[in-house]
Amino acid sequence: MKHYYLRSLVLMAAVILSISGCSKKEDDAQKATEQAAKSMQQMAQNMQGGAAAAAANANKTPGVAVPAKDLAGFLPSVSGYTVKGDPETMEMEMNGAKYSHAIQTYENGDKRIKVSILDYNYIAGLSAAYAMMMNMSLETNDESMHSENFGGNPGWVDWKKKSNQGTVGVVVNNRIYVVVEAERGSTLDDLKSVANSINYSGIASAAK
């Protein structure tokens with residue numbers, strides 16, 4: 001799989017370099033070539049980092065998941081927003097591995113935020129996608145994605161600029177994922193404020 005990604009990156013770089021070579025201005029072509037090389041290198045590093053994180057979790061044996069009701073106790077109060085119903089809680093066992101989560105939706109007029117606390121319990125198949133996001137860096141006209149720490153814990157920010165939708169994610173003890181989502185009308189500052197208000201040290205203690 002790793003070699004497949006690298007071959008894909010080489011092909012992408014070749015296409016970009018080919019397009020750049022058609023430019024009438026040599027300076028512009030040179031800049032495009034240098035930028036393409038940097039982009040390909042960054043993508044390769046991101047994919048390798050995500051694969052390494054997934055492999056590290058795969059070597060850990062899942063134990064007892066944090067009870068869903070305990071996770072619900074770490075759901076934050078969001079200033080200016082009202083809670084919509086009771087938290088959704090779930091505990092599940094899959095092939096001997098246990099998983100739990102607690103999810104709460106908050107509303108403020110047309111704005112809506114959802115907070116999920118997910119104990120993936122080192123189950124690599126569940127956490128692989130988030131592990132990749134933590135190691136990606138992307139900036140386009142429509143989307144911005146990068147890694148960022150919250151409360152001393154690694155995480156990521158993924159924001160859709162035109163639709164004002166996105167997620168802020170935080171990983172605690174390499175097994176519990178806290179995901180804050182703007183589902184409607186909320187801002188990126190709103191998401192970061194919620195992410196920074198969560199008791200990560202309490203979650204870390206509960207996961208020991």
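Here the structure is shown first, and the text comes after it.
Rules of the game
Residues numbered from 1 in each chain as written. Predicted model: local features only at pLDDT ≥ 70, side-chain atom pairs only at ≥ 80, totals over all residues. Heavy atoms only, no water. Patch = residues over 30% accessible without salt bridge, like charges linked within 9 Å, V, L, I, M, F, W, Y side chains within 5 Å. Areas by Shrake-Rupley, 256 points an atom, 1.4 Å probe, with all protein chains shown as cover. Salt bridge = Lys/Arg side-chain N within 4 Å of Asp/Glu carboxyl O. Helix = DSSP H or I, 4+ residues; strand = E, 2+ residues; numbered from the N terminus. Buried < 20%, exposed > 50% of the residue type's maximum accessible area, 1.4 Å probe, protein only. Contact = heavy atoms within 4.5 Å. Phe/Tyr/Trp six-rings, centres within 6.5 Å; stacked < 30°, edge-to-face > 60°.

### A short note on a nonpolar patch on the surface
No. 1: Taken together, the side chains of Met90, Met92 and Met94 present a nonpolar region at the surface, about 230 Å² in accessible area.
No. 2: Along the chain, Met90 falls in strand E2 (residues 88-94).

### Observations concerning unusual backbone geometry
No. 1: Not every positive phi belongs to a glycine, and Asn164 is a case in point at roughly 55 degrees.
No. 2: Locating Asn164 in the fold gives a position in the loop between strand E7 (155-160) and strand E8 (165-172).
No. 3: Relative accessible area serves as the criterion here: at 37%, Asn164 is assigned to the partly exposed category.
No. 4: Its identity is not glycine, yet Asn173 carries a phi of approximately 55 degrees, on the positive side.
No. 5: Secondary-structure assignment places Asn173 in the loop between E8 and strand E9 (176-184).
No. 6: Relative accessible area serves as the criterion here: at 33%, Asn173 is assigned to the partly exposed category.

### Overview of the environment of Leu75
No. 1: Looking at the element boundaries, Leu75 is found in the loop between helix H3 (68-72) and strand E1 (82-83).
No. 2: You can call Leu75 buried: its relative accessible area is 15%.
No. 3: Separated by 122 residues in sequence, Leu75 and Ser197 have C-alpha atoms that sit 9.7 Å apart.
No. 4: Aside from chain neighbours lying at most four places away, what touches Leu75 is Pro87, Ala102, Ile103, Gln104, Tyr106, Val115 and Ile117.

### Some remarks on the packing of aromatic side chains
No. 1: Under the counting rule described, the total for this entry stands at two aromatic pairs.
No. 2: Ring geometry for Tyr99 and Tyr120: centres 5.6 Å apart, planes at 20 degrees, overall stacked. In this pair, Tyr99 is assigned in strand E3 (residues 97-108) and Tyr120 in the loop between strand E4 (111-119) and helix H4 (124-134), connecting sequence segments 21 residues apart.
No. 3: Classification of Tyr120 by relative accessible area gives buried; the value is 10%.

By themselves, these figures tell us nothing about what the structure is for.
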